[in-house]
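An overview of the molecular structure
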Amino acid sequence: MKKILIVDDDPNIVDYLVTLFEDNGYATCSAGNAQDGFEMAKQEVPDLITLDLEMPGEWGPRFYRKMSEEKNLKNIPVVVITGFSGSEHAIGKAVASLTKPFDRGELLAIVKEYV
Amino acid sequence: MATEILLIDKDKSHANALAVYLERQQFEVYKVDSCDAAMTYFDNLSAEIVLADPGLPDTDTVHLLKQIKSSHPGIQLILMCADDSLDQAMDLLKQDVVHYLVKPVKSAALDLALKQARTWISMNNKMDRYEKKFKEMRNAQVLYQQLFDEVPCYISVQDREFRLTATNRLFKRDFGDEIGSYCYEVYKHRGSPCNNCPVAATFEDGLPHPTEEIVTSKSGKQYNVLTWTAPIRNVDGEVTQVMEMSTNITRLRQLQDHLTSLGLMIGSMSHGVKGMLTALDGGIYQLETGLARQDEKRITKAFEQVQQMTGRIRKMVLEILYYAKSRELSYKPVDITKMAEKVFGDAKAIADKNGVVLEADIAGDLGFVEVDSNWMQAALVNFMENAVDACTYDQSKQDHKVSFKVFDPGNNRICFIIEDNGMGMDRETREKMFTLFFTSKGSQGTGLGLFIANRVIQQHGGTIKVESELQKGTRFKICLPRKKPEQPLQVDDPGEWANNLIDDGKGNA
């Protein structure tokens, strides 16, 4: 089963994404901030990561930079899910960027394409 | 224009002969042969030269001449008399006379005397003109000094070493009046000239230069000033000094800062709204799929989430509406025990969810209080929610407790105490917590809650007392009068709030 890591500081949104992905046949793991997310990524080596940009402590772009420096993490596709419109391109190498509130059909299509 | 000559001579025929000679030389001649005749002429005297025979030893004419000279000092007197009376004439008239001629008058001597008289006249006229001009200049100088002093800007004039050589009144008021001190010392409390000095630039190229600076007054206040310089040149066109004119734009900058932070806050608020909408989507999705699968557990969880999100969105929208429009409160007598229990119930749901213990101590029969129960409840719940949040965010201890106490302190008042053992507030948070858009909760807060709660309490004529210590907790004591205020209390409405921003820097002008 393919695994998706969800990094978002809003527990309600994490819960939403976990349910959505599990309903569609993916395994999930999640983290509420960038530091935990990075640890989780190293430990679980997921097949895809959804990343919020604005979180307390480290922000999404910093997480991404740290992640791309890790050999076995740098090729994992990242989907940015952010509340900031206009910051979709904050992470240039992200495979897709969605703004909240996102369309879940669109998200599932993107995930299906990259996993 | 012909020069007028008054000719006084008792010898008519001699006078006639002189007149013919003078008229031939383009003078306009008036002849009189006695003092009486001269007197009538004297009243509207316009002559510039008087040519007279004093007719000594009779001294009437001498007195007349003295009189003329004292009332018309510009008139030039030329005297002609017999050789034997010349000494007496000189004795009597002295330097009132420009020239003494001996009768019979020689034409060369007369010409010379007339020429000298005319020179004196033109010199006198010149002097008069200069005097008039000088007076005008002095008046202008006073006027310019006044303008210089009263201009509502700081003006200083500086030499090449940036020493102040002149300053206006406003400058003296805010920066002192020490002539000869250095500009950078007075304005910036620095020991050396500033980089990019506009005065130096103007000395260099003779052109005006603008900058914006932050300067410090003698009382230590910081002002934002917009500065323009202008060269002051000497007669040879060299720049010898530079005038620096600074307009105080502190209030403008303050307003701009406030507007900037307002923009940021609204930005972060919209971020919060987006998060809530996404979470609401999540709830709806789970409700949908839960219903499809007949998954009771999922339905319950989803329903709770939808409820929570709708509640949060509702609250935020209400807060925004309240801020957008200041509204009248509708007072009704409310059973305060019942209202307190309702508030407790609302807060309990939130506290339970966050694992915070909530205790109530609500006296049994507190009677009635005139309040707008909707807004008062919302305000109290807001204080309770903040207490719960303060506990949730606090990582320094495990067990958290919020207590809610309602009692009658007498004096026709009712008191609420909301106390938590959460994270507490630092000084900045304490000072700013009632400020519009101030939040310590990042994207989770709107910065509207306590701002509005505070206003609602104030509108009811109530008071709020806060005690807080970092990591120890916070205690709010809210007291309300039982009767509504006689006159509706004017608590700053949004418009007034904006005005307050402008008035913030009182005395900054």
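Reference entry: report on the structure contained in this document. Computed from a prediction, not measured in an experiment: that's the story for all the values here.

Describing the overall build of chain A
- Of the regular secondary structure elements, chain A holds four helices and five strands.
- Shown N-terminal to C-terminal, the secondary structure of chain A runs as helices and strands in the order β-α-β-α-β-α-β-β-α.
- Taken across its 115 residues, chain A has 40% of its residues classed as buried.
- Residue pairs at least 24 apart in sequence account for 57% of intrachain contacts in chain A once pairs closer than 6 positions are excluded.

Let's talk about the nonpolar core
- Residues Ala379(B), Met384(B), Val388(B) and Val402(B) are the most contacted members of the largest nonpolar core, which totals 42 residues.
- For this core, the element with the highest residue contribution is helix α12 (residues 373-392) of chain B, accounting for 12 residues.
- The residues contacting Val388(B), other than those within four sequence positions of it, are Ala347(B), Ile350(B), Ala351(B), Asn354(B), Val356(B) and Val402(B).
- With 36 residues, the next largest nonpolar core counts Ile4(A), Leu48(A), Phe102(A) and Val273(B) among its residues.

Points about the sheet that holds strand β3 (residues 49-52) of chain B
Residue and element names in this part refer to chain B.
- The strand order across the open sheet built from five strands is β2-β1-β3-β4-β5, with neighbouring strands paired in parallel fashion. Each end of this open sheet is capped by a strand with a single partner; those strands are β2 (28-32) and β5 (97-103). The average undirected angle you get between the axes of adjacent strands in this sheet is 20°.
- Note that strand β1 (residues 4-8) and β3 share four bridges and pair parallel. Counterpart to Leu6 in the pairing with β3 is Val50.
- Of the strands in this sheet, β1, β3 and β4 (76-82) touch helix α3 (residues 60-71), which is tilted by about 170° from β3.
- Along the sheet, helix α5 (residues 107-150) makes contact with β3, β4 and β5, crossing β5 at roughly 170°.

So, the interface of chain A and chain B
- On the side of chain B, 14 residues touch chain A, which itself brings 16 residues to the contact.
- With seven residues, helix α1 (residues 11-23) of chain A is the single largest residue contributor to the side of chain A that touches chain B.
- When its residues are assigned to classes, the side of chain A that touches chain B shows seven nonpolar, three polar and six charged.

Quick word on the packing of α12(B) against helix α14 (residues 449-459) of chain B
Residues and elements named next belong to chain B.
- Interhelical geometry of α12 versus α14 gives an angle of 135° and a closest axis separation of 9 Å. With respect to their mutual orientation, α12 and α14 come out oblique. In this structure, the crossing between α12 and α14 has a hand that is left-handed. Residues Trp375, Met376, Ala379, Asn382, Phe383 and Asn386 of α12 touch α14, and the partners they reach there are Gly449, Leu450, Ala453, Val456 and Ile457.
- Here the residues of the contact of α12 with α14 sort into eight nonpolar, three polar and no charged.

Digging into the sheet that holds strand β9 (residues 222-233) of chain B
All names here are of chain B.
- Ordered by their spatial adjacency, five strands build an open sheet running β7-β6-β10-β9-β8, and the pairing between neighbours is antiparallel. Each edge of the open sheet is held by one strand with a lone partner, namely β7 (164-167) and β8 (210-216). Averaged over all neighbouring strand pairs, the angle between strand axes comes to 30°, with direction disregarded.
- With seven bridges connecting them, β8 and β9 associate as antiparallel partners. Paired with Ile214 across the two strands is Asn224, which belongs to β9.
- Along the sheet, helix α8 (residues 198-205) contacts β6 (154-158), β8, β9 and β10 (239-248); its crossing angle with β10, the most-contacted strand, is approximately 145°.

Side note on α12(B)
- Across its 20 residues, α12(B) extends 28 Å between first and last C-alpha, which sits within 8% of the 28 Å expected from 1.5 Å per residue.
- Taken across its 20 residues, α12(B) has 16 buried, putting it largely inside the fold.

Calculation criteria
Residues numbered from 1 in each chain as written. Chains lettered and ligands numbered in written order. Predicted model: local features only at pLDDT ≥ 70, side-chain atom pairs only at ≥ 80, totals over all residues. Helix = DSSP H or I, 4+ residues; strand = E, 2+ residues; numbered from the N terminus. Buried ≥ 20, exposed ≤ 12 C-beta atoms within 10 Å, placed from the backbone. Contact = placed C-beta atoms within 7 Å. Core = buried A, V, L, I, M, F, W, Y, C linked by C-beta atoms within 7 Å. Pairing = 2+ DSSP bridges. Axes fitted to C-alpha atoms, helices over the stretch in contact; angles between N-to-C directions. Nonpolar A, V, L, I, M, F, W, Y, C, P; charged D, E, K, R; others polar. Parallel < 35°, antiparallel > 145°, perpendicular 65-115°, else oblique. Left-handed = near helix turned anticlockwise from the far one by under 90°. Expected span 1.5 Å × (residues − 1).

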